[in-house]
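Observations on the model geometry
Here is how the chains run, residue by residue.
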Amino acid sequence: MSATNRTAMSFYSEHCSYLPAMLGWFFFSACLSIYNTKVFGDTHYAFPYPLFLTSIHFMIQWTVSVIITDCFPQTFGREVVVSLSWKDFLYISIPCGLVTCLDIGLSNLALVRITLTFYTMVKASTPIFVLICAFLFGLEKVSWRLILVVIIISLGEFLTVCGESVDFSMVGFLLVLGASFFSGLRWTLVQLLLNKLVPHLPTAFSVMRVLSPSMVFFMVMLSVFIEQPQRNLFDQIAAADDPWYSTLKELILSDEMWITMGLGVGGGFLAVCMVFCEFWLIMRASAVVLMMGGVLKEMFTIFLGVSFFGDSLNLINMLGCTTVFSGVLLYKAMHYLQNKEMKLKYEEELIAADIEEEGFTIDRMETEGFKRMKRDNFGNRGTILEENDEDE
């Protein structure tokens, strides 16, 4: 291999090795956004049971996480998952699964009523709720810098809503705002509860395996109480002239059922691929790369909404969007610098502790050496001096 090729390979491995995963993250996130808008949007396919379909997505994620962790137990942490007691499993799975279910469920319900662009701009307010929940749970301390971030993002959200006055949907806005709140609560709870586990869940797939059962259960319950797909099923069975089992068989084998299953499997596959790319980036890329990538992904989603779905952006929308993302970028930059400062402080404390321990060892070695020297030079007198040293 020539020197030029070695230099190029070295540059790629050092600076660009995360690009395939980053592009995959962008691609699958964009596909999932398009999928959700096309399938759930009332101006598109308008699937009548978005929560039920989302429960199928969760079931696919659960199945994939079990298969991957069982096939590669050492790599993806199967032993840690199966070693959990039922108490620890339910203590983590139920609250985290519930808030994750509410976050994604409300997001998909919001996409029924609002555009992808407006949804993305409002959902970008999640850092506000992350900070609020972190304050409430004692994970963050209130500071003027964090308050400034909250004010900037809130101002951007206000401008964004004002710019959406023509096609504004209050229900859609409240749904996505609720999803943002549960998203902030979700990440705070996940951090708080998972950090208490010893040993920790090592990978995203092991976390998915723990949370997915509760996510499936709660999403099905939400669908049953809100969308009531069972009522439609019972009505069709009651209206049919054939026996109920024959009607149920026809419904199961109908084109609508196969379309539903295809949509569920397709959406679940996109979600799993996006999570896998996120996991790879978390393991390999730096915090700065993730910070910039997250902001660029949201901006790319807005670009898709404008170019692919024809969403409109006026001057107030654009100003609000710019303000929101400026606040988000400022928050992530401050978070990165704070973590870096804490890491440096921790390393300095370790070095100081090592120096103190090393100095104690050196002093002790010098003392022992001096005592041996006295014994060698003075015979029995060294013993007397050693006893005097110990008395002192």
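Computed from a predicted model, the values in this text were never measured in an experiment.

Moving on to the overall build of the protein chain. In terms of helices and strands, the protein chain carries 17 helices and zero strands. Looking at the 392 residues of the protein chain, the share that counts as buried comes to 43%. For the protein chain, the accessible area works out to roughly 22600 Å², and carbon and sulfur atoms hold 67% of it.

Structurally, Ser180 can be placed in helix H10 (residues 170-194). Excluding residues within four positions of it along the chain, Ser180 makes contact with Val122, Lys123, Ser125, Thr126 and Phe129.

Further remarks concern helix H11 (residues 204-227). At Leu211, H11 shows its largest bend, some 40°, and a proline, Pro213, comes one to four positions later. Residue Gln228 follows H11 closely and has a positive phi angle near 55°.

Relative orientation of the contacting elements helix H3 (residues 50-71) and helix H6 (residues 86-110) amounts to 135°, with a least axis distance of 9 Å. In terms of orientation, H3 lies oblique with respect to H6. Two packed elements cross with a definite hand, and for H3 against H6 that hand is right-handed. Contacts between H3 and H6 involve Pro50, Leu51, Thr54 and Phe58 from the first element and Cys101, Ile104, Gly105, Asn108 and Leu109 from the second. Taken together, the residues that form the contact of H3 with H6 break down as six nonpolar, three polar and no charged.

Moving on, we come to the pattern of salt bridges. Scanning the model with the defined rule gives four salt bridges in all. Among the ionic pairs, Arg78 bridges to Asp70, the shortest N-O distance being 2.7 Å. One salt bridge connects Asp103 with Lys123, and the closest N-O pair in it is separated by 3.2 Å. Here Asp103, found in helix H6, pairs with Lys123, found in helix H7 (residues 116-123); they are 20 residues apart in sequence, far enough to count as distant. In terms of burial, Asp103 and Lys123 fall into one category: buried.

What follows is about the packing of aromatic side chains. For the structure on display, the rule yields 12 aromatic pairs. Relative to Phe89, the ring of Trp86 lies with its centre 5.8 Å away and its plane at 80°, an arrangement referred to as edge-to-face. On the criterion of helical spacing, the pair formed by Trp86 and Phe89 is a turn pair, its members being three residues apart in helix H6. Among the residues examined, Phe89 registers a relative accessible area of 18% and is labelled buried.

So, about the side chain of Ser33. Within the secondary structure layout, Ser33 lies in helix H2 (residues 19-40). Judged by its relative accessible area of 14%, Ser33 is buried. Those residues within four positions of Ser33 in sequence are excluded, and the remaining contacts are Leu116 and Thr301.

Time to look at the packing of helix H8 (residues 126-136) against helix H9 (residues 144-163). In the contact formed by H8 and H9, the axes pass within 9 Å of each other and the chain directions differ by 145°. As for how H8 packs across H9, the hand of that crossing is left-handed. In contact with Pro127, Ile128, Leu131 and Phe135 of H8, H9 contributes Leu146, Val149, Val150, Ile153 and Ser154. Each residue belonging to the contact of H8 with H9 can be placed in one class, and the counts come to eight nonpolar, one polar and no charged.

What follows is about the nonpolar core. Of all hydrophobic cores here, the largest spans 60 residues; its most connected members are Ile92, Cys96, Tyr119, Leu194, Leu201, Val210 and Leu211. Examining the composition of this core, we find that 10 residues originate from one element, H10, more than from any other. If sequence neighbours within four positions are ignored, Leu194 has contacts with Ile92, Leu189, His200, Leu201 and Val207. Membership of the second largest hydrophobic core comes to 21 residues, among which are Ala21, Trp25, Phe47 and Ala271.

The subject of this paragraph is the state of the cysteines. Evaluation of the coordinates by the stated rule reveals zero disulfides. Unpaired in this structure, Cys277 has its nearest cysteine sulfur neighbour in Cys273, at a distance of 6.9 Å.

Attention now goes to the environment of Ala134. Mapping Ala134 onto the fold places it in helix H8. With a relative accessible area of 5%, Ala134 lands in the buried category. Separated by 50 residues in the primary sequence, Ala134 and Gly184 place their C-alpha atoms 8.6 Å from one another. Residues contacting Ala134, with those up to four places away along its chain left out, are Leu139, Glu140 and Thr188.

Further remarks concern the confidence of the model for the protein chain. For the protein chain, the average pLDDT comes to 76, and 76% of its residues sit at 70 or higher. A low-confidence stretch, residues 373-392 stays under pLDDT 50, and its non-local contacts, those more than four residues away or across chains, total nine contacts.

So, how was this worked out
Residues numbered from 1 in each chain as written. Predicted model: local features only at pLDDT ≥ 70, side-chain atom pairs only at ≥ 80, totals over all residues. Heavy atoms only, no water. Helix = DSSP H or I, 4+ residues; strand = E, 2+ residues; numbered from the N terminus. Buried < 20%, exposed > 50% of the residue type's maximum accessible area, 1.4 Å probe, protein only. Areas by Shrake-Rupley, 256 points an atom, 1.4 Å probe, with all protein chains shown as cover. Contact = heavy atoms within 4.5 Å. Bend = angle between axes of the 7 residues up to and from the residue. Axes fitted to C-alpha atoms, helices over the stretch in contact; angles between N-to-C directions. Parallel < 35°, antiparallel > 145°, perpendicular 65-115°, else oblique. Left-handed = near helix turned anticlockwise from the far one by under 90°. Nonpolar A, V, L, I, M, F, W, Y, C, P; charged D, E, K, R; others polar. Salt bridge = Lys/Arg side-chain N within 4 Å of Asp/Glu carboxyl O. Phe/Tyr/Trp six-rings, centres within 6.5 Å; stacked < 30°, edge-to-face > 60°. Core = buried A, V, L, I, M, F, W, Y, C linked by side-chain atoms within 4.5 Å. Disulfide = S-S within 2.5 Å. pLDDT = per-residue confidence, 0-100.

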